[in-house]
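Understanding the architecture of this molecule
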Amino acid sequence: MSDVPHTVRRPGPRLSPIGRLIVVAVLAVLVVLAVLLLPRLLHGPERAKLTVPEGQRATQVYAAVDRALHLPGGSTAKAAGAARLPLPAEAHGNPEGYLFPATYPIDSDATPAALLSYMVKTANQRLADDRITAYRTVVIASIVQAEADHSADMGKVARVIENRLARQMPLQMDSTINYALGRSTLHTSHADTERQSPYNTYRHQGLPPTPIDNPGADALKAAGAPPAGDWLYFVTVKPGDTRFTADYQEHLRNVKEFNDRQKSSGAGA
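Described in the following lines is the structure provided in the data block.

With 13 residues, helix α6 (residues 154-166) ought to run about 18 Å at 1.5 Å a step, and its terminal C-alpha atoms sit 18 Å apart, in line with that. With ten of its 13 residues buried, α6 lies for the most part within the structure. Buried residues belonging to α6 abut α5 (135-147), α9 (217-224), β3 (233-238) and β4 (241-245).

Moving on to the packing of helix α2 (residues 58-68) against helix α4 (residues 112-129). The geometry of α2 relative to α4 is characterised by a closest axis approach of 11 Å and an angle of 130 degrees between their N-to-C directions. Classified by the interaxial angle, the pair formed by α2 and α4 is oblique. Helix-helix and strand crossings are classified by hand; for α2 and α4 the assignment is right-handed. Residues V61, Y62 and V65 of α2 form the contact with α4, whose own contacting residues are P112, L115, L116 and M119. When its residues are assigned to classes, the contact of α2 with α4 shows seven nonpolar, no polar and no charged.

Here we come to the environment of I132. Structurally, I132 is set in the loop between α4 and α5. The spatial distance from the C-alpha of I132 to the C-alpha of G224 is 6.4 Å, given a sequence separation of 92 residues. The contact partners of I132, leaving out residues within four places of it in the chain, are L127, T137, L220 and G224.

Moving on to the pairing of β3. Pairing of β3 with β4 involves five bridges; the strand directions are antiparallel. Along β4, the bridge assignment pairs K238 with D241. Counting the residues in the hairpin turn of β3 and β4 gives two residues, including G240, whose phi is positive at 85 degrees.

Among all positions in helix α3 (residues 75-82), only T76, A79 and A80 are buried. Projected down its long axis, α3 shows its buried positions confined to an angular sector of 105 degrees, all on one face. When the buried face of α3 is taken as reference, the exposed residues oriented beyond 90 degrees from it are K78, G81 and A82. On its buried face, α3 is in contact with α2 and α4.

Calculation notes
Residues numbered from 1 in each chain as written. Predicted model: local features only at pLDDT ≥ 70, side-chain atom pairs only at ≥ 80, totals over all residues. Heavy atoms only, no water. Helix = DSSP H or I, 4+ residues; strand = E, 2+ residues; numbered from the N terminus. Expected span 1.5 Å × (residues − 1). Buried < 20%, exposed > 50% of the residue type's maximum accessible area, 1.4 Å probe, protein only. Contact = heavy atoms within 4.5 Å. Axes fitted to C-alpha atoms, helices over the stretch in contact; angles between N-to-C directions. Parallel < 35°, antiparallel > 145°, perpendicular 65-115°, else oblique. Left-handed = near helix turned anticlockwise from the far one by under 90°. Nonpolar A, V, L, I, M, F, W, Y, C, P; charged D, E, K, R; others polar. Pairing = 2+ DSSP bridges. Arc of directions from axis to C-beta.

So this is what it looks like as structure tokens:
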């Protein structure tokens, strides 16, 4: 028999099935946290962002910038009036139409003027890429953005505008009246069409004096190169069903169908 003492190893405590589940769950949580936090630790905190949707008006963009920068209401509108933005001479300092719809990063030291300048420079670059140099094209694109039900209709809407201008017909676009009244609605009354405003394209022939919103890439391309066609009228009878025609009587029938649908759905109430 050996005189060397033997060490007796006692088995350690064993985890129960529930204990093993708890350990696995904790490990899983730690892995998820590592995946989420590691990029932030390596690259710093994620910057805030501001998204400008297609078709928003300058007043809406100003309000969004105020909220994003935690500024009192009206701060960005005031800054826009004083900022020296890279706008065409025809704009007379009004950035409507040039606050390009996109998502913009917001740095901790961002100012309203800096953000607006970023948007205008983005618009200028997009216009240059599409070889658009005329202010009137941006005005047309803004109407197209407001009037078209889908991007597929934008080219035809742009062609209707060009055809009516060529024939010296008033545009009669409800969207321009909505802009003058600071609203968005499908319902334009006869009284609305009689209002005194340079944006009332029922009373005034030609384009409105400025864009009526900030058009996106599709609307700009449509206005810059509309397809050939003889259309003079259009109406969106229902979502996805915009009808274009050169025949006034056919247009009246389409308008009647639109009005009948509005009444039957209660939308005209």
